[in-house]
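Listed below, chain by chain, are the residues.
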Amino acid sequence: MNTVQVLSEALGVSEGEAARLVRSRSLRRSRYRGVVYFSLRRDYRGLPEGSVVLYAPGHPPRLVRGYPSISRILLLERAVERHFVDRVVVEEKMNGYNTRVVWYAGELLAITRGGFVCPYTTHRLSLSLGEALRGLFADHPQAIVAGESIGLENPYPRYPYPVEGGFGFMVFDIFIGGRRLGFSERQALAGDYGIPTVPVIDVVEKTRHERLRAIVDRLEETGGEGIILRDPENRVPPLKYTTTRTNIGDIEEGMRFFFEEGRSFIFPRVLREIFKIYEERPGPRELEERWLRLGRALLQPPQASVERVEREGLLGESFVLRFRDPRVLDESLAHFARLGIRVQVGEVRSEGGWLRVVFHKPRRTGDEVRRILETGLSPLD
Ligand code: ATP
Ligand code: MG
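Residues numbered from 1 in each chain as written. Chains lettered and ligands numbered in written order. Predicted model: local features only at pLDDT ≥ 70, side-chain atom pairs only at ≥ 80, totals over all residues. Heavy atoms only, no water.

**A word on the sheet that holds strand S9 (residues 144-150)**
Inference 1: Strand order across the open sheet formed by 5 strands is S8-S7-S9-S10-S11, with antiparallel pairing between neighbours. Here the strands that pair on one side only, and so sit at the sheet edges, are strand S8 (107-112) and strand S11 (179-180).
Inference 2: The strands that helix H4 (residues 119-139) touches are strand S7 (97-104), S8, S9 and strand S10 (168-176); relative to S8, the one it contacts most, it runs at about 120 degrees.
Inference 3: Contacting S10 and S11, helix H5 (residues 183-193) crosses the sheet at an angle of about 120 degrees to S10. (Pairing = 2+ DSSP bridges. Helix = DSSP H or I, 4+ residues; strand = E, 2+ residues; numbered from the N terminus. Contact = heavy atoms within 4.5 Å. Axes fitted to C-alpha atoms, helices over the stretch in contact; angles between N-to-C directions.)

Structure, rendered in structure tokens:
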């Protein structure tokens, strides 16, 4: 089959329309081993960005829909009362990266939010949960298992959860035949095959505001990112809400590279805090404390970054990945290049059957800062 035929079949559109799509630059063509795939770079005919068409010769092409985006709550009580029907499942929102796992052409594939098959995630997931996942796919070959990949050993957002081997995966949705399973079905199915799910904190009546508030307050202390709220039968879509610790913590993290994440991070997170404070009405001491935390998050990391550029001439971050199979290192490097992520390979060593590789990722903020230190002039007005 040629590209147009593959797309026309997988998307259920005419060949003329598929040809138009190919010309439109809304699609990105990539390859993972024997699988060619096409990722949607924007929403298209009801399919979300990040949807993927997979194709391996000899197998029917397959569409994997993008993971649906989850609306955010600003006012917890108001939103929960208005949005939900009666009961609400409260799950912990895990801070990692969205991963859709599918079975195609005899292979397990891990697909990231943007619609890329990630060789590294596929590798680590196959090692840690391959057997359990293959069990599920043997009975439900068309399932999409969506979950959060977490831990420090990954090339994406890293948050220090105590997961064995630095890599974990927790399921939050299973789609079969395009249908998102209800909460109990999801729990039962994942349980049957021994696949871990996200922590379920409680199932409450939507009027129990004080309980929801207490859950969020506890997460502020334990370091959880926030909560995802679901209708047990998916009669209405899920909603998300994050802690102050996360809202301000993300700004702090993003401001290390203030010419990059800094800009886009700040406003949405400040907005979350404006309404969180409005709703919570903290006392004067707590309020002062939050103002101080926000101010510190905005200025302290950039100051440290400027000083680092002055000392070392550049700015970057490092992360560690471990591989059982050296071939996946090459595939990962090719994948980063494809995504336009500049990485340099640092120390490589063997360790208990693993290849442990340190990666350095130079950051553009370092170049901007160097220019400012040289010229004294601002790149902005
Ligand atoms: P969105 O995915 O809603 O478009 P985003 O990419 O900025 O926005 P987040 O703000 O992190 O993502 O929130 C949604 C994401 O949270 C989901 O895509 C998923 O990866 C992650 N997540 C973590 N825990 C859960 C959970 N329990 N249920 C659903 N999603 C979860
Ligand atoms: Mg996230």
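**Re the environment of Pro-157**
Inference 1: Inspection of the secondary structure puts Pro-157 in the loop between S9 and S10.
Inference 2: Residue Pro-157 is classed as partly exposed on the basis of its relative accessible area of 41%.
Inference 3: The spacing of Pro-157 and Gln-142 is 15 residues in sequence and 29 Å in space, taken between C-alpha atoms.
Inference 4: When residues no more than four places from it in sequence are discounted, the contact partners of Pro-157 are Gly-96, Tyr-97 and Gly-151. (Buried < 20%, exposed > 50% of the residue type's maximum accessible area, 1.4 Å probe, protein only.)

**Considerations on the domain arrangement of the chain**
Inference 1: Per the domain assignment, the segments of the chain are domain 1 (3-64), domain 2 (71-207), domain 3 (245-312) and domain 4 (316-375).
Inference 2: Here the C-alpha centre of domain 4 lies 26 Å away from the C-alpha centre of domain 2.
Inference 3: With 15 residues of domain 2 in contact, the opposing surface of domain 4 contributes 16 residues.
Inference 4: Between the two partners, domain 2 and domain 4, sit 2 salt bridges.
Inference 5: Where domain 2 touches domain 4, the interface holds 4 residue pairs in polar contact (both at pLDDT 80 or more).
Inference 6: A per-class count over the side of domain 2 that touches domain 4 returns 9 nonpolar, 3 polar and 3 charged. (Domains from an automatic or database assignment. Salt bridge = Lys/Arg side-chain N within 4 Å of Asp/Glu carboxyl O. Polar contact = N/O pair within 3.5 Å; in protein donor to acceptor, adjacent residues only side chain to side chain. Nonpolar A, V, L, I, M, F, W, Y, C, P; charged D, E, K, R; others polar.)

**Overview of unusual backbone geometry**
Inference 1: The phi angle at Arg-45 is positive, at roughly 45 degrees, despite the residue not being glycine.
Inference 2: Inspection of the secondary structure puts Arg-45 in the loop between strand S2 (35-40) and strand S3 (52-55).
Inference 3: For Asn-234, which is not a glycine, the phi torsion comes out positive at approximately 55 degrees.
Inference 4: For Asn-234, the position within the fold is in the loop between strand S13 (226-230) and strand S14 (239-242).
Inference 5: Note on Asn-234: relative accessible area 23%, which makes it partly exposed.

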